[in-house]
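Listed below are the residues making up each chain.
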Amino acid sequence: MSSECVSAQSCIELLRQIRDVSFATVDESGAPQARIIDIMLAEPRAAIFCTARGKEFYRQLVEDGRVAVTGLTEGFEMIRLQGRAHRPPEDQLGLCEHSGAAAGDAAEETRAD
């Protein structure tokens, strides 16, 4: 198995193509929490996703913000991205105007095949 680093933007675009990816956050005790979330849009240096304000996922994003995102392409390449999530301003919610939208600022990326 070889591994190569690629740009954060190319990882974001691949995660958008995969769409259903694993998001990991940490809870109030520091324990990891993972779930499957849809990547709605790929923007420059951000993956846009939505979640409901009443969910634990939303609370973890607001309180801590750290996320790790992992997906697997059809060609069996693992894409991993980590960074911080934040809620966009109200006027930029777009697709997620009735939920707690978040955008992730990519900090580190890995692509392994």
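For the structure itself, consult the block above.
Conventions adopted
- Residues numbered from 1 in each chain as written.
- Predicted model: local features only at pLDDT ≥ 70, side-chain atom pairs only at ≥ 80, totals over all residues.
- Heavy atoms only, no water.
- Helix = DSSP H or I, 4+ residues; strand = E, 2+ residues; numbered from the N terminus.
- Buried < 20%, exposed > 50% of the residue type's maximum accessible area, 1.4 Å probe, protein only.
- Arc of directions from axis to C-beta.
- Pairing = 2+ DSSP bridges.
- Salt bridge = Lys/Arg side-chain N within 4 Å of Asp/Glu carboxyl O.

Draft legend 1. Examining unusual backbone geometry more closely. The backbone of Arg45 sits at a positive phi, close to 60 degrees, despite the residue not being glycine. Take Arg45: it is sitting in the loop between strand S3 (32-43) and strand S4 (46-51). The phi dihedral of Phe76 is positive, around 65 degrees, even though this residue is not glycine. Along the chain, the position of Phe76 falls in the loop between strand S5 (66-72) and strand S6 (78-86). Note on Phe76: relative accessible area 65%, which makes it exposed.

Draft legend 2. Main features of helix H1 (residues 8-18). What H1 keeps buried is the set Ala8, Cys11, Ile12, Leu14 and Leu15. For H1, the angular spread of the buried residues around the axis is 165 degrees, confining them to a single face. Phi turns positive, to about 75 degrees, at Arg19, one or two residues after H1.

Draft legend 3. View of the pairing of S4. Within S4, 5 of the 6 residues are buried, which leaves it mostly tucked inside the rest of the structure. Sheet topology places S3 next to S4; 4 bridges connect them, and they run antiparallel. Across the sheet, the residue bridging to Leu41 is Ile48, located in S4. Linking two consecutive strands that pair antiparallel, namely S3 and S4, is a turn of 2 residues; a positive phi of about 60 degrees is found at Arg45 within it.

Draft legend 4. Spotlight on the pattern of salt bridges. For the structure on display, the rule yields 5 salt bridges. Here Glu56 ties to Arg59 by a salt bridge, and the two come within 2.3 Å at their closest N and O atoms. Here Arg59 and Glu56 lie together in helix H2 (residues 56-63), a separation of 3 residues that amounts to about one turn. Note on Glu56: relative accessible area 46%, which makes it partly exposed. Overall, the relative accessible area of 23% leaves Arg59 in the partly exposed class. One salt bridge connects Arg59 with Glu63, and the closest N-O pair in it is separated by 2.8 Å.

The quantities given are spatial measurements derived from coordinates; they are silent on function.
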